[in-house]
Structure formats: structure tokens, C-alpha cells
Amino acid sequence: MRWSLLLGVALILAGGVVVAKGLNYNSKHDVIDLGQLRVSVDEKKPVPPWIGGVAALAGLVLVFAGGSRKA
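Residues numbered from 1 in each chain as written. Predicted model: local features only at pLDDT ≥ 70, side-chain atom pairs only at ≥ 80, totals over all residues. Heavy atoms only, no water.

Draft legend 1. Structural context of the environment of Gly52. Considering the arrangement of structural elements, one finds Gly52 in helix α2 (residues 49–68). Distance from Gly52 to Val19, taken between C-alpha atoms, is 5.3 Å for residues 33 residues apart in sequence. Those residues in contact with Gly52 that sit more than four places away from it in its chain are Gly15, Val18 and Val19. (Helix = DSSP H or I, 4+ residues; strand = E, 2+ residues; numbered from the N terminus. Contact = heavy atoms within 4.5 Å.)

Okay, structure coming up:
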């Protein structure tokens, strides 16, 4: 198999998971910073579904481009 085909399939699967199920990532930022005293907060933020759609679309492009080339 070609690498572009494998990468395309992986992007399609990952994009589908993001669109269908949704993923979260943690963001850490300081709320108070006074000398040696630091208070930070961890926020859970969702990955926007459009990013999954773009990844799936890019995967489709790679699959069709990789499959249409002559060996």
C-alpha cells in the first residue's frame, strides 16, 4: 500500500471520530501570578467538529490521489 493511501484512511477515521463522538483537550492557564504564588486552572475544551470534517475531506483527497496514480 502507498503511504498516501494509509495516511488518507487514518485521516478519514480520525475525522469521523471527531465529528461523530467529539474530542476534548485540556488547556492550562495561570489565573493569579504573584511572585512565587501561582494559581492555574485546567479547562477542558472541545475540538470543533469542522476540524474533523476538514481532516476527513483531506483524507478523501489523499485516498483518491493515491489510488489514481499509476505504479
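Draft legend 2. How the structure looks around helix α1 (residues 3–20). With 18 residues, α1 extends 26 Å from end C-alpha to end C-alpha; this agrees with the ideal 26 Å at 1.5 Å per step. Three or more residues of α1 are buried, namely Ser4, Gly8, Gly15 and Val18. Buried residues of α1 fall within an arc of 95 degrees about the axis and therefore sit on the same side. Across α1 from its buried face, at more than 90 degrees, point the exposed residues Leu13 and Ala20. Once α1 ends, the next one or two residues include Gly22, with phi positive near 85 degrees. (Expected span 1.5 Å × (residues − 1). Buried < 20%, exposed > 50% of the residue type's maximum accessible area, 1.4 Å probe, protein only. Arc of directions from axis to C-beta.)

Draft legend 3. Main features of the pairing of strand β2 (residues 37–46). Bridge count between strand β1 (residues 24–34) and β2: 10 bridges; the pairing is antiparallel. Bridged to Asn24 within β2 is Pro46. In this antiparallel pair of consecutive strands, β1 and β2, the connection spans 2 residues, and Gly35 shows a positive phi of 65 degrees. (Pairing = 2+ DSSP bridges.)

Draft legend 4. Structural detail: the side chain of Ser27. Relative to the assigned elements, Ser27 resides in strand β1. With relative accessibility at 19%, the residue Ser27 sits in the buried group. Residues contacting Ser27, with those up to four places away along its chain left out, are Val41, Asp42, Glu43 and Lys45.

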